[in-house]
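What follows is each chain in one-letter form.
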Amino acid sequence: MAGEPEKNILKTPALLEYIFQTNSYRREHEQLKELREATVKNYNQSSVMGVPVDEGQLLSMLLKVMNAKRTIEVGVFTGYSLLTTALALPADGHEKEIGTFDFAFVDAMKVDFKKYHEQLLKLVKIGGVIAYDNTLWSGTVAQTLEELHQNLNDHPSRDMLIKARNDTQDFNTFIANDPRIESSLVSIGDGVTLCRRVY
Ligand SMILES: C[S@@+](CC[C@H](N)C(=O)[O-])C[C@H]1O[C@@H](n2cnc3c(N)ncnc32)[C@H](O)[C@@H]1O
């Protein structure tokens, strides 16, 4: 096998909990903690739509390393990723301005990702980064349709979930072959694909 599965160290839920408890929660900004807890309280199961704390911290680190000042986001929900971004920007940074952006975060409908990609390649400057969320779609991108049907069985949103998985697979293949960007599919949270515009 060409890959090296033993290097994928996140083998158990306990390991994720270890990361959260020993690192992520300890470093989470107070306002982000409040927002996360309010989202869980008000949205119950749907609160899972917000980006997880470890992914937020990766994005925050990336923004600071890039010295990003101008950012844009598609798919806000209660604003965990948006507040993460705002807290990582310098005092003269801006969100949601028309022009040339350093960073874009996309966390909306998967079927629209290719469309956003074309639009954002016009808005994000060369050297800037576009990040796409949920590109592993709960691991279903690596499952066969037969496995998916078995696993989802009587799930009320089965058809929508399978469609989104197919759209995600299609997008991942498209991104891996797009010469206008460099990309890395990071296995954090539900998968986040970082794309750096090269021309
Ligand atoms: C997964 S949630 C975003 C979670 C958010 N990034 C966070 O960390 O809390 C997706 C959001 O995208 C919104 N959405 C879906 N399609 C959209 C579109 N075409 N334009 C803008 N927002 C959209 C949904 O209403 C929902 O609030």
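Shown above is the structure to which this text applies.
Criteria and thresholds
Residues numbered from 1 in each chain as written. Predicted model: local features only at pLDDT ≥ 70, side-chain atom pairs only at ≥ 80, totals over all residues. Heavy atoms only, no water. Near = heavy atom within 4 Å. Polar contact = N/O pair within 3.5 Å; in protein donor to acceptor, adjacent residues only side chain to side chain. Areas by Shrake-Rupley, 256 points an atom, 1.4 Å probe, with all protein chains shown as cover. Nonpolar A, V, L, I, M, F, W, Y, C, P; charged D, E, K, R; others polar. Patch = residues over 30% accessible without salt bridge, like charges linked within 9 Å, V, L, I, M, F, W, Y side chains within 5 Å. Salt bridge = Lys/Arg side-chain N within 4 Å of Asp/Glu carboxyl O. Helix = DSSP H or I, 4+ residues; strand = E, 2+ residues; numbered from the N terminus. Phe/Tyr/Trp six-rings, centres within 6.5 Å; stacked < 30°, edge-to-face > 60°. Buried < 20%, exposed > 50% of the residue type's maximum accessible area, 1.4 Å probe, protein only.

Student: Quick rundown of the site of the ligand? Include the residues and the values.
Tutor: Among the 15 residues in the neighbourhood of the ligand, the closest are listed as Val51, Phe77, Ser81, Asp107 and Tyr116. A distance of 3.4 Å separates an oxygen atom of the ligand from a polar backbone atom of Val76. The backbone of Phe77 places a nitrogen or oxygen atom 3.1 Å from an oxygen atom of the ligand. Burial of the ligand by the surrounding chains reaches 67%, relative to a free accessible area of 610 Å². By residue class, the composition of the shell around the ligand is 9 nonpolar, 4 polar and 2 charged.

Student: Kindly report on a nonpolar patch on the surface, identifying the contributing residues and their values.
Tutor: Taken together, the side chains of Tyr43, Val48, Met49 and Phe77 make up a nonpolar region of the molecular surface, amounting to roughly 410 Å² of accessible area. Inspection of the secondary structure assignment puts Met49 in the loop between α2 (30-43) and α3 (53-66).

Student: Explain the packing of aromatic side chains to me, and be specific about the residues and the numbers.
Tutor: Under the criterion given, the structure shown has 5 aromatic pairs. Judged by centre distance (5.4 Å) and plane angle (45 degrees), the ring pair of Phe113 and Tyr132 falls under tilted. Of the two residues, Phe113 sits in helix α5 (residues 113-123) while Tyr132 sits in strand β4 (residues 124-133), which places them 19 residues apart along the sequence. Each member of the pair, Phe113 together with Tyr132, is buried. Ring centres of Tyr132 and Phe171 lie 4.7 Å apart, and the angle between their planes is 65 degrees; on these two criteria the pair is classed as edge-to-face. You can see Tyr132 sitting in strand β4 and its partner Phe171 sitting in helix α7 (residues 158-176), a full 39 residues away along the chain. Across the pair, exposure class does not vary: Tyr132 and Phe171 are buried alike.

Spatial relationships are all this shows, so hold off on functional conclusions.
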